[in-house]
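Fold and contact review
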Amino acid sequence: MVPTSNRHRTPVVAVTGAASGLGRAFLAHVASSADFRRVVAIDEQRGDVPDVTWRVIDVRDPLLANRLSDIDVLVHLAADYALDADPTERRAYNLRAAQTVLTASAAARVRRVVLVTSAMVYGASPDNPVPLPEDSDVAAEPDTGVVGDYLEIEALVRRSLRSHPGLEVTVLRPAAVVGEGIDTVVTRHFEAPRLLTVKGCAPRWQFCHVDDLVTALELAALGTVSGAVAVGCEGWLEQEQVEEISGLRRFELPAALTFGTAQRLHRLGITPAPATDLHYVVYPWVAECSSLAAVGWKPSWTNEAALQHLLDLSAGKHAVVGRRLSGKDATITAAGATVAVIGAAAVVRRARRKRRI
């Protein structure tokens, strides 16, 4: 029989990617928490959060298991989801990191691993119910973008659960994340002079502020929630509400023109994300956060406040169809947004003619 003191002792938690981004935000949040006996920070370089134990190592290093022998819970936040990264290199990093963390945790008898993917794995579709039940099927289209990375990582998790039945793995799936340093297809959508929409379909908008993702991660690390867990603000915003808050107007294009042009631009290297990523700014993918709600968790940010924060962070930045603009390109006006898309299509046509010559 396990002694009561051991059953109820507070766990030792380790955080990968602890020196920056979401990893640093979570580390700072739990560094002085009485819910954890000790907090271990893992990264390739030492960060600036005090009162934690720093272990400098690349999470892809097979020797990682040797650094986890005293860890009860590992929160894996070392990932690269930069839109402008080389997609092959980005995916290789993300999959190798996740695979090494899962294998090393099993070898070191870590009790629980927590990872973050995205509610994007549910897929964005004009036919999606609003909201999607948390246990909905993973229906996103595999592609070369970050959504494809999320799908591959969740596939690794499923294989790991079969291979290492003693390891508990919790996956958090946040809605569109908002916060300092967050740069995604969704955040760039709000850097555009007008909001792209597809004729015949109205998107619904759900956000997840980093602050709320951090508190959800804490509950996952403590084992309060487990399995696949959606995270986000309560409810959603209609397109008309988004336009009113942002002061941005929409412009509509047929779906075939929108996705066909976007895919050609991506193949030419003009835009950073595949056309399938545009689904997430024109179709709904609102998720019901039932697991967190069942344990009494409530987001501290509303969708309205999160959107306003996103807009504040986007001030002075300019993007069209996910491509970040600079210099004279940044002078594009709201009236010129449609012209920009048509011009992009013209670039594609010129490129195709040159290849035929």
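What counts and how
Residues numbered from 1 in each chain as written. Predicted model: local features only at pLDDT ≥ 70, side-chain atom pairs only at ≥ 80, totals over all residues. Heavy atoms only, no water. Helix = DSSP H or I, 4+ residues; strand = E, 2+ residues; numbered from the N terminus. Expected span 1.5 Å × (residues − 1). Contact = heavy atoms within 4.5 Å. Core = buried A, V, L, I, M, F, W, Y, C linked by side-chain atoms within 4.5 Å. Buried < 20%, exposed > 50% of the residue type's maximum accessible area, 1.4 Å probe, protein only. Polar contact = N/O pair within 3.5 Å; in protein donor to acceptor, adjacent residues only side chain to side chain. Pairing = 2+ DSSP bridges. Axes fitted to C-alpha atoms, helices over the stretch in contact; angles between N-to-C directions. Phe/Tyr/Trp six-rings, centres within 6.5 Å; stacked < 30°, edge-to-face > 60°. Lys NZ or Arg CZ within 6 Å of the ring centre and 35° of its normal.

Some thoughts on helix α3 (residues 87-107)
An α-helical segment advances 3.6 residues per turn. Residues three or four places apart therefore align on the same side. Look at α3: 30 Å from first C-alpha to last across 21 residues, which is about the 30 Å you get at 1.5 Å a residue. If you follow the buried residues of α3, they end up packed against β1 (12-16), β4 (73-76), β5 (112-116), α4 (146-163) and β6 (168-174).

Focus: the nonpolar core
In this structure, Val-186, Phe-190, Trp-205, Phe-207 and Trp-285 are the most contacted members of the largest nonpolar core, which totals 46 residues. Counting residues per element, the ones that place at least two in this core are α4, β7 (176-178), α5 (185-189), β8 (195-198), β13 (250-253), α8 (255-267), α9 (279-282) and α11 (303-314). Excluding residues within four positions of it along the chain, Phe-207 makes contact with Ala-175, Ala-176, Val-178, Val-186, Phe-190, Gly-232, Cys-233, Leu-237, Asn-303, Ala-306, Leu-307 and Leu-310. In terms of nonpolar packing, the next biggest core, distinct from the first, is built from 36 residues, Val-15, Leu-217, Val-225 and Val-229 among them.

Here's the deal with unusual backbone geometry
The residue after Val-130, namely Pro-131, is reached through a cis peptide bond having omega 0°. Along the chain, Pro-131 falls in the loop between β5 and α4. Phi is positive for Arg-109, which is not a glycine, with a value near 60°. Within the fold, Arg-109 resides in the loop between α3 and β5. Judged by its relative accessible area of 75%, Arg-109 falls in the exposed class.

Notes on the environment of Pro-11
Within the secondary structure, Pro-11 is located in the loop between α1 (4-7) and β1. As a C-alpha pair, Pro-11 and Ala-221 span 210 residues in sequence and 9.1 Å in three-dimensional space. Filtering out sequence-adjacent residues up to four positions away, Pro-11 remains in contact with Asp-35, Phe-36, Arg-37, Arg-38, Asp-72, Val-73 and Leu-222.

A short note on helix α6 (residues 210-221)
For α6, spanning twelve residues, the distance from its first C-alpha to its last is 16 Å, which sits close to the expected 16 Å at 1.5 Å a residue. For α6, the tally of buried residues reaches ten of twelve residues, placing the bulk of the element in the interior. Turning to α6, its buried residues number three or more, namely Val-210, Asp-212, Leu-213, Val-214, Ala-216, Leu-217, Glu-218, Leu-219, Ala-220 and Ala-221.

What to know about the environment of Asp-86
Counting through the fold element by element, Asp-86 comes out in the loop between β4 and α3. Residue Asp-86 is classed as partly exposed on the basis of its relative accessible area, which comes to 38%. Separated by 2.9 Å, the side chain of Asp-86 and the backbone nitrogen of Glu-89 make a polar contact.

Examining the sheet that holds β6
For sheets, the rule is that strands pair by backbone hydrogen bonds, running either parallel or antiparallel. The seven strands are arranged β3-β2-β1-β4-β5-β6-β11 in an open sheet whose pairing can be described as parallel. Two strands in the sheet have a free side with no partner beyond their single neighbour: β3 (53-56) and β11 (228-231). Neighbour-to-neighbour, the strand axes of this sheet turn through a mean angle of 20°, independent of strand direction. Two elements, β5 and β6, share five bridges in a ladder whose sense is parallel. For Val-113, the partnering residue across the bridge sits in β6 and is Val-169.

A short note on the packing of aromatic side chains
Tallied over the full model, the rule gives five aromatic pairs. The interplanar angle of 45° and the centroid separation of 4.7 Å between the aromatic rings of Tyr-81 and Tyr-150 together place this pair among those described as tilted. Residue Tyr-81 is located in the loop between β4 and α3, and its partner Tyr-150 is located in helix α4; the two are separated by 69 residues in the primary sequence. Tyr-150 gets classed as buried once you look at its relative accessible area, which sits at 10%. Linked through ring pairs, Phe-190, Trp-205 and Phe-207 together constitute an aromatic cluster. Above the ring of Tyr-122, the side-chain terminus of Arg-173 is found at 5.1 Å from the ring centroid.

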